[in-house]
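# Per-entry structural report
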Amino acid sequence: MWFSSFHDNILDDVDYLKNNNAFWNAITDLHQKSEFYAVDWFIANPSSLNTIEVDLLGDVRDKRILHLQCHFGMDTISLSKRGEVVTGVDLSDASITKANERLAIPIVDTVYNLSVTEA
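My aim in this report is to walk through the structure given alongside it, one point at a time. Keep in mind it's a predicted model, so treat the numbers as computed, not measured.

### A short note on unusual backbone geometry
In this structure, Ala38 is a non-glycine residue whose phi angle is positive, near 45°. Structurally, Ala38 can be placed in the loop between helix 2 (16-33) and helix 3 (39-44). Notably, His71 is not glycine yet its phi reads approximately 55°, a positive angle. Inspection of the secondary structure puts His71 in the loop between strand 1 (64-68) and helix 5 (74-81). Residue His71 is classed as buried on the basis of its relative accessible area, which comes to 9%.

Structure below.
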């Protein structure tokens, strides 16, 4: 399986950050199309957040949230729809690109940043 060989090689390489970025860039499109993420369902529904997540967060309206590892932004957008001001950050530039494409859904306060630094 490609995942197994890719994963084994990534752990042996000294440039872990660069390879980790390459891995997440490669898998982003697969995740986007998978049934697990249910992107089509998400577009038609108000939130990807589970009840436990909503309960644990409580009322955070008018708060600023930094969502680390936002991937392609489903939870980040869901938080923004609740009234939070959210910044999503992810290592993968492919994920950030997909998140920005998703911003075609009218969300004003969701911002995505790429947090990869070249050595």
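There is more to say, and it comes next.
### Focus: helix 5
Among the eight residues of helix 5, six are classified as buried, and the element is accordingly described as predominantly covered. Among all positions of helix 5, only Met74, Thr76, Ile77, Ser78, Leu79 and Ser80 are buried. Of the residues one or two after helix 5, Gly83 is the one with positive phi, at around 110°.

### A closer look at the packing of helix 2 against helix 6 (residues 93-102)
Where helix 2 contacts helix 6, the axes come no closer than 7 Å and their chain directions differ by 35°. Across the interface between the two elements, Asn21, Asn25, Thr28, Asp29 and Gln32 of helix 2 pack against Asp93, Ala94, Ser95, Lys98 and Arg102 of helix 6. Of the residues belonging to the contact of helix 2 with helix 6, the class tally is one nonpolar, five polar and four charged.

### Here's the deal with the packing of aromatic side chains
Applying the stated criterion across every chain, the model contains three aromatic pairs. For the pair Phe23 and Trp24, a centre-to-centre distance of 5.3 Å together with 80° between the ring planes defines the contact as edge-to-face. Phe23 gets classed as buried once you look at its relative accessible area, which sits at 9%. Pairing Phe36 with Tyr37 gives two aromatic rings, centres 5.0 Å apart and planes at 85°, and the pair type is edge-to-face. Counting every residue linked through ring pairs, the aromatic cluster contains Phe36, Tyr37 and Phe72. Its guanidinium or amino end placed over the ring of Phe42, Lys81 lies 5.0 Å from that ring's centre, counting from NZ or CZ.

Conventions and cut-offs
Residues numbered from 1 in each chain as written. Predicted model: local features only at pLDDT ≥ 70, side-chain atom pairs only at ≥ 80, totals over all residues. Heavy atoms only, no water. Helix = DSSP H or I, 4+ residues; strand = E, 2+ residues; numbered from the N terminus. Buried < 20%, exposed > 50% of the residue type's maximum accessible area, 1.4 Å probe, protein only. Axes fitted to C-alpha atoms, helices over the stretch in contact; angles between N-to-C directions. Contact = heavy atoms within 4.5 Å. Nonpolar A, V, L, I, M, F, W, Y, C, P; charged D, E, K, R; others polar. Phe/Tyr/Trp six-rings, centres within 6.5 Å; stacked < 30°, edge-to-face > 60°. Lys NZ or Arg CZ within 6 Å of the ring centre and 35° of its normal.

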